[in-house]
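Understanding the architecture of this molecule
Listed below are the residues making up each chain.
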Amino acid sequence: MFYQNKWIFLFLGIFLCGMSFFVCKKTSSKNASSPHPTATGDRLRSELEYRLIQAELLLAKSDQPYLVVNLNRNELVIKLKGVVVWNQPILLVQTSAQDVEDFARYFEGEEKNLVRPLLDKFLFTALNKTPDSVLTIISDAVRAKPELMQRDVPERFQLRWSTDLILEVRTEIIGKPKEKLKSTMLEIRHAIQRPFGEAHIIVKMSPEAALTLYRLAQPGLSTLIYPPMQNQALPAKK
Amino acid sequence: MRWWYWLIIIPLVLLIGFVIFVFVYTRPKSSPNRALVISDSLLTRLPQDGKLASKELEKARALLAKIKPTKPYIVIDTHANSLYLRTEDSILFKGTCSTGSGGELIDSLTGRKWSFATPRGVFKVTSKVTDPWWRKPDWAFLEDNEPIPSDPNERLDPEMLGAFAMGFGDNYYIHGTIYERLLGVSVTHGCVRLGSEDLKKLYDMVPIGTPVYIF
């Protein structure tokens, strides 16, 4: 009797084949070997350093601050005119070395991007730094709008450079959910997306550092990546 | 078609619909700006010749080193209301400050407008003053609903700026405050306020010409 409705099985078959093909493609690209297998390690390191310096010099020309994800030194840095104005160690949470390598690989992509603009950010939970009652008193005294003085100290937020390239920041404070529905939907999205390929690293930092990063990270923020050295094709040991 | 086929089709359609909804609902609001991407193809490669390559690399390193300050510099983080005196690798001093509220004031009579934001960018400490007196600008009277005095002496306030002030940019100062309880909150008219103890420490540590990075 199944054969009487072939179209259902045809549809299911195509759907499953498509899914399998997509998963296989993502998996095989993950395992793809590094480029330039014949070049020496020193040469590659020099090439990479030269490219990074050029990118830094280009970014330093701008009047806007930029974010540096230095996976080589395990550090997040904000620079203005090429000068360090904020830096935090990358303290990984629930993130493996493979996740970090994936993050660098997804960031660079096929075009070997060193700099990408931030696509968006999402705040899951936060705590109001100053209670509303205090803000009202202050705003009356200094004649400033309370909303301009309000600072949400983030407990957990995500920075996204593309839909599958995410850096999540967590702090130790306990905040309140900001958008419950969207938070849940985003969790579901990641759960669906992860098997098909997603670079997602989670870092822990102090609430004050997280506040600076969250407030600075507006869409379009230029982000430079220093890929981990082991990601480069080094000559095989004989 | 058999009735139980729908037991397969309906959940499948619902599932696909739900997945589409989730992806549409959580899609990024902005679109990536390709103009801001710096990829490999936009950058120059090192020459193939080893000697030329190392020479070129040294040149690039020197260019990068040139843009970095050799002495300690001040960093003002307007997002967290923190002030640092630091080098690339270490923080020599940290204090809680107050920066601009970002508010605006418009004089309803003349239409004059003031924006109370701390300027962002790179500046230098241009002056150091002890026991500074504040020459109250027009907006200070407008804010208090007081008439703007014609006598310049009526504008002077010896208390407001604390014991020290360090000038930077276009008439902006790092100075003290009588409202120390508001440190850490963005409440100023653009200047940077520090607590009296921190101000003294910074004043002693910072010479004229020190770079000030505000972000």
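Residues numbered from 1 in each chain as written. Chains lettered and ligands numbered in written order. Predicted model: local features only at pLDDT ≥ 70, side-chain atom pairs only at ≥ 80, totals over all residues. Heavy atoms only, no water.

With respect to the overall build of chain B
Secondary structure assignment for chain B yields four helices and 13 strands. By the compact-globule yardstick of 17 Å for 215 residues, chain B is too spread out, its C-alpha radius of gyration being 28 Å. Expressed along its principal axes, the backbone C-alpha trace of chain B runs to roughly 95 × 65 × 35 Å. Out of the 215 residues in chain B, the part that is buried amounts to 43%. Once local pairs closer than 6 in sequence are excluded, the contacts in chain B between residues at least 24 apart make up 58%. Accessible surface for chain B amounts to roughly 12300 Å². Of this, 57% is attributable to carbon and sulfur atoms. Put simply, chain B has 26 plus and 23 minus side-chain charges, and the middle of one group is 13 Å from the middle of the other. (Helix = DSSP H or I, 4+ residues; strand = E, 2+ residues; numbered from the N terminus. Rg over C-alpha atoms; globule rule 2.2 N^0.38 Å. Buried < 20%, exposed > 50% of the residue type's maximum accessible area, 1.4 Å probe, protein only. Contact = heavy atoms within 4.5 Å. Areas by Shrake-Rupley, 256 points an atom, 1.4 Å probe, with all protein chains shown as cover. Lys, Arg positive; Asp, Glu negative; His and termini not counted. Charge placed at Lys NZ, Arg CZ, Asp CG, Glu CD.)

Section: the interface of chain B and chain A
The interface of chain B with chain A comprises 71 residues on the first partner and 67 residues on the second. Contact between chain B and chain A buries roughly 6200 Å² in total, counting both sides, with carbon and sulfur atoms accounting for 64%. Ranking the residues of chain B by area buried against chain A places I38, H79 and F215 of chain B at the top, with a combined share of 11%. Here chain B is connected to chain A by three salt bridges. Between R61 of chain B and E49 of chain A there is a salt bridge, and its shortest N-O distance comes to 2.6 Å. Here chain B is connected to chain A by 17 residue pairs in polar contact (both at pLDDT 80 or more). Contributing elements (two or more residues each) for the side of chain B that touches chain A: α1 (6-25), β1 (38-39), α2 (50-66), β2 (73-77), β3 (82-86), β7 (121-130) and β13 (211-214) of chain B. Residue contributions to the side of chain B that touches chain A peak at ten residues, all from α1 of chain B. (Buried area = accessible area lost by both parts, 1.4 Å probe. Salt bridge = Lys/Arg side-chain N within 4 Å of Asp/Glu carboxyl O. Polar contact = N/O pair within 3.5 Å; in protein donor to acceptor, adjacent residues only side chain to side chain.)

Digging into the packing of helix α2 (residues 41-60) of chain A against α2 of chain B
Where α2 of chain A meets α2 of chain B, the axes come as close as 10 Å, and the angle between the chain directions of the two elements is 35°. The way α2 of chain A lies across α2 of chain B gives a crossing that is left-handed. Contact with α2 of chain A, carried on its side by R43, S46, E49, Y50, I53, E56 and L57 of chain A, involves A53, E56, L57, A60, R61, L63 and L64 of chain B of α2 of chain B and no other residues of that element. Looking at the contact of α2 of chain A with α2 of chain B, its residues break down into eight nonpolar, one polar and five charged. (Axes fitted to C-alpha atoms, helices over the stretch in contact; angles between N-to-C directions. Left-handed = near helix turned anticlockwise from the far one by under 90°. Nonpolar A, V, L, I, M, F, W, Y, C, P; charged D, E, K, R; others polar.)

Brief notes about the sheet that holds strand β1 (residues 66-70) of chain A
What the six strands build is an open sheet, ordered β3(A)-β2(A)-β1(A)-β11(A)-β5(A)-β1(B); its pairing is mixed. The open sheet terminates on both sides in strands that have one partner only, identified here as β3 (83-89) of chain A together with β1 of chain B. Its contacts with the sheet place α2 of chain A against β1, β2 (75-80), β5 (113-117) and β11 (222-226) of chain A together with β1 of chain B, and it is angled at close to 160° to β11 of chain A. (Pairing = 2+ DSSP bridges.)

What about the domain arrangement of chain B?
Taken domain by domain, chain B comprises domain 1 (3-64) and domain 2 (73-214). In this structure, domain 1 of chain B and domain 2 of chain B have C-alpha centres spaced 42 Å apart. (Domains from an automatic or database assignment.)

A word on α1 of chain B
Residue and element names in this part refer to chain B. The first and last C-alpha atoms of α1 sit 27 Å apart over 20 residues, in line with the 28 Å expected at 1.5 Å per residue. If you check which residues of α1 are buried, you get I9, L12 and V22. Angular distribution of buried residues about the axis of α1 spans 165°; they occupy a single face of the element. Across α1 from its buried face, at more than 90 degrees, point the exposed residues L7, V13 and L14. (Expected span 1.5 Å × (residues − 1). Arc of directions from axis to C-beta.)

A closer look at the pairing of β1 of chain A
All names here are of chain A. A large share of β1 lies buried, amounting to five of its five residues. As paired strands, β1 and β2 are joined by five bridges and run antiparallel to one another. Bridge pairing in β2 links N70 to E75. Taken together, β1 and the strand that follows it, β2, pair antiparallel across an intervening segment of four residues, in which N74 is found at a positive phi of about 55°. Across four bridges, β1 lies against β11 in parallel orientation. By the bridge assignment for β11, L67 is matched with T223.

A few points about helix α3 (residues 97-108) of chain A
Compared with an ideal rise of 1.5 Å per residue, which puts twelve residues at 16 Å, α3 of chain A spans 17 Å between its outermost C-alpha atoms and is within 8% of the ideal. Listed as buried for α3 of chain A are V100, D102, F103, A104, Y106, F107 and E108 of chain A.

Observations regarding the pattern of salt bridges
Residues and elements named next belong to chain B. Per the stated rule, a full pass over the model turns up 23 salt bridges over all chains. In this structure, the salt-bridge partner of K68 is E88, at a minimum N-O distance of 3.9 Å. Note that K68 is positioned in the loop between α2 and β2 and E88 in the loop between β3 and β4 (91-98), a separation of 20 residues in sequence. R155 serves as the salt-bridge partner of D138, at 2.6 Å between the closest nitrogen and oxygen. Of this pair, D138 sits in helix α3 (residues 138-143) while R155 sits in the loop between α3 and β9 (156-157); the two residues are 17 residues apart in sequence, bridging distant segments of the chain.

Considerations on the confidence of the model for chain B
Of all residues in chain B, 100% have pLDDT values of 70 or greater, and the mean over the chain is 91. Quick note on the complex model: pTM equals 0.82, ipTM equals 0.87. (pLDDT = per-residue confidence, 0-100.)

Here we look at unusual backbone geometry
All names here are of chain A. Phi at Q94 takes a positive value of approximately 50°, unusual for a residue other than glycine. Residue classification places Q94 among the exposed residues on the basis of a relative accessible area of 63%. The backbone of K112 sits at a positive phi, close to 55°, despite the residue not being glycine. Topologically, K112 is positioned in the loop between α3 and β5.

Looking at a nonpolar patch on the surface
Residues W7 of chain A together with M1, W6, I10 and L14 of chain B make up a contiguous nonpolar surface patch of roughly 580 Å² in combined accessible area. Ranked by residue count, the leading element in the nonpolar patch is α1 of chain B, at three residues. Note that W7 of chain A resides in helix α1 (residues 6-30). (Patch = residues over 30% accessible without salt bridge, like charges linked within 9 Å, V, L, I, M, F, W, Y side chains within 5 Å.)

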